[in-house]
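In case you want the letters, here they are:
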Amino acid sequence: MSRKAVIQSIGHALPSKLLTNTDLEKIVATSDDWIVQRTGIKERRICDGPNEGTGWLAVGAATEAMERSGMDPNDLGLVLCGTVSGDYIWPSTACMVQDKIGAHNAGAFDVSAACAGFIYALSNAAAMIESGQVDSALVIGVDSLTKQVDWTDRSTCILFGDGAGAVVVKAEENTDRGLLGTVLKSDGSGGKFICIDVGGSRYPWGSPQAEGKKAHITMMGSEVYRFAIQAMGDACCKVLEKVGMSSDDIDLFVPHQANLRIIEAAAKRLSLPHDKVFLNVHKYGNTSGGSIPLGLYEAEAEGRLKKGMTVMTVGFGAGLVWGANIIRW
Ligand code: UT7
């Protein structure tokens, strides 16, 4: 029997500060009605002050996942973090977590795949476990994009929230659990649809070439919307085909929580009934890399995701990147 990467435990972290649509009405020209109708979002959690951010959320989620696994951090082989909003451009958030949790024998690196960060990071970790390179991994999905939005731009600032989720994954033999299949896709020609210009080496902060460029998230919403509708369905169909399953075999669908309309379109294309579709976009908005592991965490906590169930996750984001995982929980 082949070696599989099996999720042992899950953790999460959320800031306590709440930002409702009514609060946003006081900041930009928007309304609760518009936001709910176009996105399904009612409120989101946002990091408060300089001490709350991606590193803080990542360590919180990782600590909970590690405690629940019962594993000695010294036995961990790898820390992988899917994020695009690390406390620093470098060093990585994964290295910060590795230090804080005392994983003295682990390698650590970040995976930059925006809202698909957890999908990409988990598939990387599973491949390294299945190949025998490591026996275990801590995989985190986290972002605090509310630190990167322009609070005068109503087309973006209403969308995002902050959050994190983390899983401990271990090698197991003779099991039908674990990551069953993955599809990873990209199209860099769409990079301009959602990006931050300033802060990298092309337009460094304070440089003459950065003048007039945006240091916050800019997005062509309708382009991203059209891409997302197509990408979510395509990735799910491909990953189902890859593992020889149909959507009837899926017990729970945990999609990236960016927009209720996008999720509903994907669920319709896959003929998935409402009770198999996990939703928390109304509570947290788009938490980017945090979105999928946060969904898995809540689904498990609510008793909707139990050991042995088959769960399909799918995400899309800046890059452009997208992908899907099928996991037997
Ligand atoms: O993880 C990837 C992250 N990104 C996404 O997932 C974004 C995907 N895109 C979307 O979810 C949708 O495109 C949005 C929710 C961002 C926008 O919805 P839309 O139905 O595509 O609206 P729109 O951009 O076509 O704008 C329609 C109107 C415009 O007014 P006019 O030009 O028709 O007069 C906007 O100016 O709505 C206006 N508008 C707003 N009105 C009230 C844009 N933002 C707001 C707002 N409140 N917050």
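Let me begin by describing the structure that accompanies this report. (Residues numbered from 1 in each chain as written. Predicted model: local features only at pLDDT ≥ 70, side-chain atom pairs only at ≥ 80, totals over all residues. Heavy atoms only, no water.)

### Brief notes about the sheet that holds strand β4 (residues 78–82)
Overall, mixed pairing links the five strands, which are arranged β1-β7-β6-β4-β5 in an open sheet. Each edge of the sheet is formed by a strand with only one pairing partner; in this case those strands are β1 (4–13) and β5 (107–111). When strand polarity is set aside, the average angle formed by the axes of neighbouring strands in this sheet is 20°. Bridging between β4 and β5 involves five bridges; their strand directions are parallel. (Pairing = 2+ DSSP bridges. Helix = DSSP H or I, 4+ residues; strand = E, 2+ residues; numbered from the N terminus. Axes fitted to C-alpha atoms, helices over the stretch in contact; angles between N-to-C directions.)

### Focus: the site of the ligand
Near the ligand, the surroundings consist of 21 residues, among which Thr30, Arg38, Cys115, Arg154 and Asn259 are the closest. Measuring from a nitrogen atom of the ligand, one finds a side-chain N or O atom of Trp34 at 3.4 Å. Between an oxygen atom of the ligand and a side-chain N or O atom of Arg261, the distance comes to 3.2 Å. In isolation the ligand exposes 950 Å². Once the protein is present, 71% of that is buried. When contributions to the shell around the ligand are tallied by element, the ones reaching two or more residues are α2 (32–39), α6 (154–157) and α7 (221–243). (Near = heavy atom within 4 Å. Polar contact = N/O pair within 3.5 Å; in protein donor to acceptor, adjacent residues only side chain to side chain. Areas by Shrake-Rupley, 256 points an atom, 1.4 Å probe, with all protein chains shown as cover.)

### Details of the pattern of salt bridges
Counted according to the given criterion, the structure contains eight salt bridges. Between Lys17 and Asp48 there is a salt bridge, with the nearest N and O atoms lying 3.8 Å from each other. Of the two residues, Lys17 is situated in the loop between β1 and β2 (18–20) and Asp48 in the loop between β3 (43–45) and α3 (54–69); the sequence distance between them amounts to 31 residues. The class of Asp48 is partly exposed, set by a relative accessible area of 45%. For Glu298, the salt bridge identified is with Lys283, shortest N-O distance 3.3 Å. (Salt bridge = Lys/Arg side-chain N within 4 Å of Asp/Glu carboxyl O. Buried < 20%, exposed > 50% of the residue type's maximum accessible area, 1.4 Å probe, protein only.)

### Focus on the packing of aromatic side chains
The geometry of an aromatic ring pair comes down to the distance between the two centres and the angle between the two planes. This model, assessed by the stated rule, comprises two aromatic pairs. Judged by centre distance (6.1 Å) and plane angle (80°), the ring pair of Phe227 and Phe316 falls under edge-to-face. Residue Phe227 is located in helix α7, and its partner Phe316 is located in strand β12 (residues 310–317); the two are separated by 89 residues in the primary sequence. By the burial criterion, Phe227 is buried, and Phe316 matches it. Through successive ring pairs, a cluster of aromatic residues spans Phe227, Phe316 and Trp322. (Phe/Tyr/Trp six-rings, centres within 6.5 Å; stacked < 30°, edge-to-face > 60°.)

### Observations regarding the environment of Leu252
When you line up the elements, Leu252 lands in strand β11 (residues 252–255). According to the relative accessible area criterion, Leu252 is buried, its value standing at 1%. Measuring from C-alpha to C-alpha, the distance between Leu252 and Lys306 comes to 9.9 Å, with 54 residues separating the pair along the chain. Not counting the four nearest positions on each side in its chain, Leu252 is found in contact with Asp275, Lys276, Phe278, Ala299, Arg304, Leu305, Thr310, Val311 and Met312. (Contact = heavy atoms within 4.5 Å.)

### Description of the sheet that holds β11
The strand order β8-β13-β12-β11 describes an open sheet built from four strands, whose pairing is mixed. The outermost strands of the open sheet, each flanked by one partner alone, are β8 (178–186) and β11. Strand-to-strand, the axes of this sheet are offset by a mean angle of 10°, without reference to chain direction. By the bridge criterion, four bridges tie β11 to β12 in an arrangement that is parallel. Residue pairing for β12: Phe253 is matched across the bridge by Met312.

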